[in-house]
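Each chain, written out:
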Amino acid sequence: MSGGPTARAPAAATPSASDMLLTVHSVDLLKSKDGPNRREHHTDAYFSDKMIIRRGQTFQMWIEFSRPFNPKSDSLQLQLKLEPIFSRSTGIHISVPLVDILEDGRWEMKIVEQKDKRVRLAVNTLPTASIGCYKVTVESFSPKGKLLFPCSPNDLYMLFNPWCEDDAVYLDDESERKEYILNSMGRIYYGTEQQIGTRTWNFAQFEQDILEACLFILERGQVAMTEWRDPVIVSRMVSALVNSNDDYGVLMGNWKDSYEGGTSPTAWSGSGDILRQYYKSSGKPVKFAQCWVYAGVTNTALLRCLGIPTRCVTNFNSAHDTDLSLTTDIYIDEKLEIIKDKTSDSVWNFHVWNESWMSRPDLPAGYGGWQVVDATPQEPSQGSYRCGPTSVSAVRNGQVNLKFDTPFVFAEVNSDRIYWQKKPDGSFSQVNVEKSAIGQCISTKAVGSDARVDITHLYKYPEGSWEERVAVERASRFGSKPALYPSPTGNDVSVEIVMDGAGPRIGEDAKLSIVLKNKSSSQRTASLLYEVMVMYYTGVLKNTVKKDQITLTLKPQETKTIPLTLQYKEYMNHLVDQGALMLAVTGRVNETQQILATQFNFRLRTPDLIITPQGDAVVGKELTVKITFQNPLSQVLRNVLFRIEGLGMQSVRKIAYGDVDKHATVTLTEKFVPTVAGPQKLLASMDCRLLTQVHGVADIVVKPK
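Definitions and cut-offs
- Residues numbered from 1 in each chain as written.
- Predicted model: local features only at pLDDT ≥ 70, side-chain atom pairs only at ≥ 80, totals over all residues.
- Heavy atoms only, no water.
- Helix = DSSP H or I, 4+ residues; strand = E, 2+ residues; numbered from the N terminus.
- Buried < 20%, exposed > 50% of the residue type's maximum accessible area, 1.4 Å probe, protein only.
- Contact = heavy atoms within 4.5 Å.
- Lys, Arg positive; Asp, Glu negative; His and termini not counted.
- Charge placed at Lys NZ, Arg CZ, Asp CG, Glu CD.
- Pairing = 2+ DSSP bridges.
- Core = buried A, V, L, I, M, F, W, Y, C linked by side-chain atoms within 4.5 Å.
- Patch = residues over 30% accessible without salt bridge, like charges linked within 9 Å, V, L, I, M, F, W, Y side chains within 5 Å.
- Areas by Shrake-Rupley, 256 points an atom, 1.4 Å probe, with all protein chains shown as cover.
- Salt bridge = Lys/Arg side-chain N within 4 Å of Asp/Glu carboxyl O.
- Axes fitted to C-alpha atoms, helices over the stretch in contact; angles between N-to-C directions.
- pLDDT = per-residue confidence, 0-100.
- Phe/Tyr/Trp six-rings, centres within 6.5 Å; stacked < 30°, edge-to-face > 60°.
- Lys NZ or Arg CZ within 6 Å of the ring centre and 35° of its normal.

A word on the overall build of the protein chain. The number of helices and strands found in the protein chain is eleven helices and 40 strands. Its C-alpha atoms give the protein chain principal-axis dimensions of about 140 × 60 × 40 Å. Within the protein chain, buried positions represent 56% of all 705 residues. Across the protein chain, every contact between residues at least 6 apart in sequence was considered, and the portion connecting residues at least 24 apart equals 68%. The protein chain carries 79 positive and 80 negative side-chain charges, and their two centres are separated by 3 Å.

See below:
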């Protein structure tokens, strides 16, 4: 062994930093709720701490590397993958290159700031990108090679963008964007055209798990993710997926008397509970729904939550045309009684659907804007229970040949109600036409307030106007009974039904009047048959509770009023949901053989839940709230359940109260801790077999700490 110094290998030359691999150490998507991305993309209200952006808009992100980025020798690329989680449909793969200058309409990114080993990127997204949850991977390039850095679990949620002029859902009014995208509370109208009721609905589009639930539901649609870029296709898909009729969708309908095994439709007051229940059960339909529940969930889910401007709309006296005749047909026999098993068309007291705002490049110019989207399963469309999107402008103009489902929506708002009488040979002849009975007081919530706005003029021209008759005649050419029926002659006696004020309350007698007018200069005698029937709000009759005949004489030009009282004891054991009743009057004028026929729908009004905060509401401080209810019936209410939501709560509070004695008053005292400052709403509803449609709302301004 040599006694000299130890031999050493020659020292390697230290490589320059730019010769080393460019390794990604970390990625910061700047996804905090109060950060610039979420604020600028109008997604800061979502409860989720995920990265939620809107398409067609730039977002920022930081990347930290193992060494400083050298723009001369290094490069970057983002890989975005939209892949199905629960289905086998085809995904989407997008490469976003690094450029020096960003150009609109391209997937690109640019370095806008560099600090030592960190770079800040501005990333451009396309206004036609498919919405959904993208997996993000950073691809780094250096002279030494290429490296991939998956950003999991930092997924990127991309939504439609009504703030972007190039997006198909662009809406140019900021107050409307705040209402139809950002407002999580809305109003849904119900009842009859003369007794319009209002209930507040918690759309809950920003609550925990709701965005994830909405995307889960979209996947159930088995539509290629490349189609998720188109709001026309997405909204049509949603109208099928919110009902469970043929695709295991969100809600199971129930228009019967019993809701055993589920929740009564009138007891729901928001969408959050429904969507979370469906999502967490991996797609088990939620029980039960009727039209306003379908509309509330559609409004939330799959439309406001995903970025499509949407509102709930109620049509009073809404026709359900079952035979595509574009008329609502009522059949009566020789004795003037309604032939119930032949009258398949029905007129719903009210029907709630949605309107969504979007362009319609698939239709002629002028038919974009508001589109009807209706998830209530009424009739199949192209093999599936769905309806829309239907251009409201096409409905107004009678352009029923334009897609989708325009004939059905036209009939809902503007069909003629035609009475047909059976003749001795078994055929039927037209005996009366009501041209303005269908489609009344079409209502939606006002922008920026809780007022009701009548939008009937958007669906049809003024009743009886030349434009309105042209629209009806244009539409009728496409119906299954295209002939225009001549009206019978000798119509000089009229009949109408009148109700005082807001109408009767449940538990009290109902008072109405039948008013006949003789417009001729001769005496007229008439025989009338009236029938009071309990019915579902869908116009389906349950049974008759009162029936009688009247014979009367009318002097020339005389108006005669016949008072009619329906006693509580006559209807108390027969009511169904909504307390809906119909008074049908038919008759014949002896001198002219004119047939008289009209129908009047009314409801028995229910009491409200009175919600009273005790003291000021402050973030983080306990707030006591009293909820009061008085039973209006001389019957005991069994198994009463109260449901409370809103005030920033992420779930529904349920209170099983038990029985409420006849005419008894109930007072609940509940405590809440508000989490969000500003104007809030607290909603309560009651679930009870005997008394439905009982609910209340309180506006509460929560002060900051």
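Back to the write-up after that little detour.
What follows is about unusual backbone geometry. For the peptide bond that leads from Ser 152 to Pro 153, omega is 5 degrees, which places it in the cis range. In this structure, the amide linkage connecting Lys 287 to the following residue, Phe 288, adopts the cis form with an omega of 5 degrees. Here Gln 557, not a glycine, exhibits a phi torsion of approximately 65 degrees, which is positive. Note that Gln 557 resides in the loop between strand 29 (541-554) and strand 30 (559-566). The class for Gln 557 is exposed, based on a relative accessible area of 54%. Backbone geometry at Asn 639 places phi at a positive 50 degrees, although glycine is not the residue there. Topologically, Asn 639 is positioned in strand 36 (residues 637-646).

Right, let's talk about the sheet that holds strand 36 for a bit. Taken in spatial order, the five strands of this open sheet run 34-40-39-36-37, and their pairing is mixed. The open sheet has two edge strands, strand 34 (617-618) and strand 37 (653-660), and neither has a second partner. In terms of strand pairing, strand 36 meets strand 37 through six bridges, oriented antiparallel. From the neighbouring strand, Val 640 faces strand 37, where its bridge partner is Gly 658.

Our next topic: the nonpolar core. Within the largest apolar cluster, 91 residues are counted, with the highest numbers of intra-cluster contacts made by Met 61, Ile 63, Leu 211, Leu 218, Leu 251, Trp 292 and Leu 306. Here the element with the most residues in this core is helix 6 (residues 291-305); it accounts for nine residues. If we skip the residues at most four places from it in the chain, Leu 211 touches Tyr 46, Ile 52, Tyr 157, Leu 159, Cys 305 and Leu 306. In terms of nonpolar packing, the next biggest core, distinct from the first, is built from 62 residues, Leu 554, Phe 602, Val 625 and Leu 691 among them.

This part covers a negative patch on the surface. On the surface, a cluster of negative charge is contributed by Asp 104, Glu 165, Asp 166 and Asp 172. Within the secondary structure layout, Asp 172 lies in the loop between strand 10 (156-159) and helix 2 (174-182).

With that settled, the discussion passes to the sheet that holds strand 30. Judged by pairing direction, the sheet is antiparallel, and its three strands sit side by side in the order 26-27-30 without closing on themselves. Looking at which strands have only one partner, the edges of the open sheet turn out to be strand 26 (493-499) and strand 30. When strand polarity is set aside, the average angle formed by the axes of neighbouring strands in this sheet is 20 degrees. Note that strand 26 and strand 27 (residues 510-518) share seven bridges and pair antiparallel. In the strand pairing of strand 27, Glu 496 is matched with Val 515.

Of all residues in the protein chain, 95% have pLDDT values of 70 or greater, and the mean over the chain is 91. In this model residues 1-14 is a low-confidence stretch, pLDDT under 50, and it forms zero contacts with partners more than four residues away in sequence or in other chains.

Counted according to the given criterion, the structure contains 30 salt bridges. A salt bridge links Arg 177 to Glu 174, with the nearest nitrogen and oxygen atoms 2.8 Å apart. Of this pair, Arg 177 and Glu 174 both sit in helix 2, three residues apart, which is roughly one turn of the helix. The partly exposed category is assigned to Glu 174, whose relative accessible area is 29%. The salt bridge partner of Glu 434 is Arg 417, with a shortest N-O separation of 2.9 Å. Of this pair, Glu 434 sits in strand 23 (residues 428-434) while Arg 417 sits in strand 22 (residues 416-422), placing them 17 residues apart in sequence.

Turning our attention to the environment of Glu 103. Among the secondary structure elements, Glu 103 is positioned in the loop between strand 5 (92-97) and strand 6 (108-115). For the pair Glu 103 and Leu 303, spaced 200 residues apart in sequence, the C-alpha separation works out to 29 Å. Sequence-distant contacts of Glu 103, defined by excluding residues within four places in its chain, comprise Glu 108 and Asn 124.

Turning next to the pairing of strand 3 (residues 59-65). Here strand 3 lies mainly inside the structure; six of its seven residues are buried. The sheet contact formed by strand 1 (residues 24-28) and strand 3 spans four bridges and is antiparallel. Counterpart to Val 27 in the pairing with strand 3 is Ile 63.

Next up on the list: the environment of Glu 591. Counting through the fold element by element, Glu 591 comes out in the loop between strand 31 (580-589) and strand 32 (595-603). In this structure Glu 591 comes out as partly exposed when scored by relative accessible area, which is 41%. Residues Glu 591 and Gly 369, spaced 222 residues apart in sequence, show a C-alpha to C-alpha distance of 52 Å. For Glu 591, the contacting residues outside a window of four places in its chain are Gln 523, Arg 524 and Thr 525.

Below, the discussion takes up the packing of aromatic side chains. To describe a pair of aromatic rings, you give the distance between the ring centres and the angle between the ring planes. Per the stated rule, a full pass over the model turns up 19 aromatic pairs. Where Trp 255 meets Tyr 294, the ring centres are 6.3 Å apart and the plane angle is 20 degrees; that geometry is what we call stacked. Taken together, the positions of Trp 255 in the loop between strand 13 (251-253) and helix 5 (272-280) and Tyr 294 in helix 6 put the pair 39 residues apart, joining distant regions of the chain. Its relative accessible area of 24% is what places Trp 255 among the partly exposed residues. Its relative accessible area of 0% is what places Tyr 294 among the buried residues. Seen from their ring centres, Tyr 568 and Tyr 571 are 5.4 Å apart, and the 75 degrees between their planes marks the pair as edge-to-face. Of this pair, Tyr 568 and Tyr 571 both sit in helix 11 (residues 568-571), three residues apart, roughly one helical turn. Residue classification places Tyr 571 among the buried positions, given a relative accessible area of 0%. One aromatic cluster is present, built from ring pairs that chain together Tyr 190, Trp 255, Trp 292, Tyr 294, Trp 348, Phe 350 and Tyr 537. Arg 311 extends its terminal NZ or CZ atom over the ring of Trp 370, reaching a point 4.0 Å from the ring centre.

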